[in-house]
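Breakdown of the fold
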Amino acid sequence: MTEPTRYTTGPLGLPLRMDPEPLPVAGCPYCTELARVRSWARLGGDMTTVSDCNVFLRRHPEGHR
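These numbers were taken from a predicted model, which means no experiment stands behind them.

Remarks on the overall build of the chain
- Each helix and strand in the chain was counted, giving 2 helices and 0 strands.
- In terms of overall size, the chain is more extended than a compact globule, its C-alpha atoms giving a radius of gyration of 20 Å where 65 residues would be expected to give roughly 11 Å.
- Each principal axis of the C-alpha atoms in the chain carries an extent, and together these give about 65 × 30 × 25 Å.
- Counting contacts in the chain only where the partners sit at least 6 residues apart, residues at least 24 apart contribute 45% of the total.
- Accessible surface for the chain amounts to roughly 5,800 Å². Of this, 59% is attributable to carbon and sulfur atoms.
- In the chain, 8 side chains carry a positive charge and 7 a negative one; their mean positions are 4 Å apart.

This is the structure we're talking about:
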């Protein structure tokens, strides 16, 4: 059996994304509902749902093109 290689590495630096929240597309009921759910989630402190709504809003505009 061989001995494992042991060495230390420095910390991994990851970029911090500070993108603004996506805006709902005017006139789209799906976007409007996602924005409403995001607002309710933020008021309730549910940041996981806020993040999920942001992802859905970012991906949804593909259908508006």
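What follows picks up the thread again.
With respect to the packing of helix α1 (residues 29–44) against helix α2 (residues 47–59)
- Relative to each other, α1 and α2 sit at 160°, their axes nearing to 8 Å. In terms of orientation, α1 lies roughly antiparallel with respect to α2. Between α1 and α2 lies a crossing of left-handed hand. Residues Tyr-30, Cys-31, Leu-34, Ala-35, Val-37, Arg-38, Ala-41 and Arg-42 of α1 form the contact with α2, whose participating residues are Thr-49, Val-50, Cys-53, Asn-54, Phe-56 and Leu-57.
- In terms of residue class, the contact of α1 with α2 is built from 10 nonpolar, 2 polar and 2 charged.

Quick notes on the nonpolar core
- Cys-28, Cys-31, Leu-34, Cys-53 and Leu-57 form the largest nonpolar core, which has 5 residues in total.
- Secondary structure elements with two or more residues in this core: α1 and α2.

Here we look at the side chain of Arg-38
- Within the secondary structure layout, Arg-38 lies in helix α1.
- Judged by relative accessible area, which is 8%, Arg-38 ranks as buried.
- A distance of 2.7 Å separates polar atoms of two side chains, one belonging to Arg-38 and the other to Asn-54.
- Beyond its immediate sequence surroundings of up to four residues, Arg-38 is in contact with Glu-21, Pro-22, Pro-24, Val-50, Cys-53, Asn-54 and Leu-57.

Definitions and cut-offs
Residues numbered from 1 in each chain as written. Predicted model: local features only at pLDDT ≥ 70, side-chain atom pairs only at ≥ 80, totals over all residues. Heavy atoms only, no water. Helix = DSSP H or I, 4+ residues; strand = E, 2+ residues; numbered from the N terminus. Rg over C-alpha atoms; globule rule 2.2 N^0.38 Å. Contact = heavy atoms within 4.5 Å. Areas by Shrake-Rupley, 256 points an atom, 1.4 Å probe, with all protein chains shown as cover. Lys, Arg positive; Asp, Glu negative; His and termini not counted. Charge placed at Lys NZ, Arg CZ, Asp CG, Glu CD. Axes fitted to C-alpha atoms, helices over the stretch in contact; angles between N-to-C directions. Parallel < 35°, antiparallel > 145°, perpendicular 65-115°, else oblique. Left-handed = near helix turned anticlockwise from the far one by under 90°. Nonpolar A, V, L, I, M, F, W, Y, C, P; charged D, E, K, R; others polar. Core = buried A, V, L, I, M, F, W, Y, C linked by side-chain atoms within 4.5 Å. Buried < 20%, exposed > 50% of the residue type's maximum accessible area, 1.4 Å probe, protein only. Polar contact = N/O pair within 3.5 Å; in protein donor to acceptor, adjacent residues only side chain to side chain.

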